[in-house]
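# Working through the structure, step by step
Listed here are the chains, written in short residue letters.
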Amino acid sequence: MKTRLIIVGPPGAGKGTQATYISDELQIPAISTGAIFRQNMADGTELGQKAKEYMEAGNLVPDEITDAMVKERLSHDDVANGFLLDGYPRNRAQVAALDEVLAESGDSLDAVLELSIPDDLIVGRLLKRAEIEGRSDDTEDVIRHRINVYHQETAPLVDVYKERGLLLTVDGVGTIEEVLDRILTQLNEFLGR
Ligand code: AMP
C-alpha cells in the first residue's frame, strides 16, 4: 500500500529524527529538503551555493529553486511505494506546487503529520543540537528568526491541510521513543490500517 505523507512542525520539533524512524517503519523514503540543501552545500554544488545565503540567514530558499528540486526528487523510482516529505511544503505557494506535481502523476496525499511543541522548548533543543551537529543556522539569533518564519509562512499550511481532512496533530513533547510510539499508533488509526 502506498503511503504519501508530510511531516510539519516548528524547527526543533524533532521532525528529522522522527522522519527517519517513520521511514524505516513504513518502508518509504524520508525526503528532507533541508538535508538535501545541506548536502549540496557540503558538496559545493551550484544548488548549494544558491541556497547558502538563505539558509544561513534562516530564510526560506526561493520557491523556484526548492520546487524544482522536490519535483526532480519525486521522479525517482524509490518513491513508488510512497514518501515522507520533511520540511516541504513550507509556504502556500509550495503547497500549490506539490499539488501540481502529485496531480501530474495522479497521486494524492494520505496524511499531514503535525508535530506540535511549545515555542519555549524549541530554542533550548536547537542550541543543544548546535553543539552536537554544528549546524551553521542553529545560532540563537537565527533560531529565533526561523521560529518567526515558521509561524508566519509555514503554520498557515496546517489549516489548509486541516480543511482537506488530512491533518493529524501529534504531541511532540517526550522522549524520542514516546513520540515515535504516539505517531505510529495515531497514524495507523488515522489511515485506518
Ligand atoms: P530544515 O533542515 O528543515 O530545518 O531546513 C533548514 C533550512 O533549509 C531552512 O531554514 C531553509 O533555509 C531551507 N529549507 C528547507 N526546506 C525548505 C523549503 N521547503 N523551502 C525553502 N527553504 C527550505
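Our structure is the block above this text.
Residues numbered from 1 in each chain as written. Predicted model: local features only at pLDDT ≥ 70, side-chain atom pairs only at ≥ 80, totals over all residues. Heavy atoms only, no water.

Listing the buried residues of helix 3 (residues 46–57) in full gives Gly48, Ala51 and Met55. Angularly, the buried residues of helix 3 cover 75 degrees about the axis, an arc narrow enough to put them on a single face. Exposed and oriented more than 90 degrees from the buried face of helix 3 are Glu46, Gln49 and Glu53. Here the buried face of helix 3 lies against helix 2 (33–43). Of the residues one or two after helix 3, Gly58 is the one with positive phi, at around 80 degrees. (Buried < 20%, exposed > 50% of the residue type's maximum accessible area, 1.4 Å probe, protein only. Helix = DSSP H or I, 4+ residues; strand = E, 2+ residues; numbered from the N terminus. Arc of directions from axis to C-beta. Contact = heavy atoms within 4.5 Å.)

With respect to burial, strand 3 (residues 82–86) is a largely interior element, five of its five residues being buried. Burial along strand 3 is two-sided: Gly82, Leu84 and Asp86 facing one way and Phe83 and Leu85 facing the other are all buried. In terms of strand pairing, strand 1 (residues 3–8) meets strand 3 through five bridges, oriented parallel. Opposite Arg4, over in strand 3, you have Phe83 as the bridge partner. Both strand 2 (residues 30–32) and strand 3 contribute to a ladder of three bridges, which runs parallel. By the bridge assignment, Ile31 is partnered in strand 3 with Leu85. (Pairing = 2+ DSSP bridges.)

With that out of the way, let us pick up the site of the ligand. Around the ligand, a shell composed of 16 residues is seen, among which Thr33, Arg38, Asn59, Gly87 and Gln94 lie nearest. Here Arg90 contributes a side-chain N or O atom positioned 3.0 Å from an oxygen atom of the ligand. Surface burial for the ligand is 96%, taken as the share of its 480 Å² of free accessible area covered by protein chains. Here the ligand is seated within the largest pocket. (Near = heavy atom within 4 Å. Polar contact = N/O pair within 3.5 Å; in protein donor to acceptor, adjacent residues only side chain to side chain. Areas by Shrake-Rupley, 256 points an atom, 1.4 Å probe, with all protein chains shown as cover. 1 Å grid on protein atoms, 1.4 Å probe; cavity = no way out; pocket = protein on both sides within 12 Å on 5 of 7 lines; lining within 4 Å. Sits in = over half its atoms within 2 Å of the grid points.)

Strand order across the open sheet formed by five strands is 2-3-1-4-5, with parallel pairing between neighbours. Sheet topology places strand 2 and strand 5 (167–171) at the edges, where each strand pairs with a single neighbour. With direction set aside, neighbouring strand axes in the sheet form an average angle of 25 degrees. Here strand 4 (residues 111–116) pairs with strand 5 via five bridges, running parallel. By the bridge assignment for strand 5, Ser116 is matched with Asp171. The sheet contacts of helix 1 (residues 15–26) involve strand 1, strand 2, strand 3 and strand 4, and relative to strand 1 the element is tilted by about 165 degrees. On the sheet, helix 7 (residues 140–163) packs against strand 1, strand 4 and strand 5 and is oriented at approximately 145 degrees with respect to strand 1. (Axes fitted to C-alpha atoms, helices over the stretch in contact; angles between N-to-C directions.)

As a further point, take the environment of Glu114. One can find Glu114 in strand 4. For the pair Glu114 and Gly82, spaced 32 residues apart in sequence, the C-alpha separation works out to 18 Å. Setting aside residues no more than four positions away along its own chain, Glu114 makes contact with Val8, Val158, Leu167, Leu168, Thr169 and Val170. Separated by 2.7 Å, the side chains of Glu114 and Thr169 make a polar contact.

The values reported here are purely geometric and, on their own, carry no functional implication.
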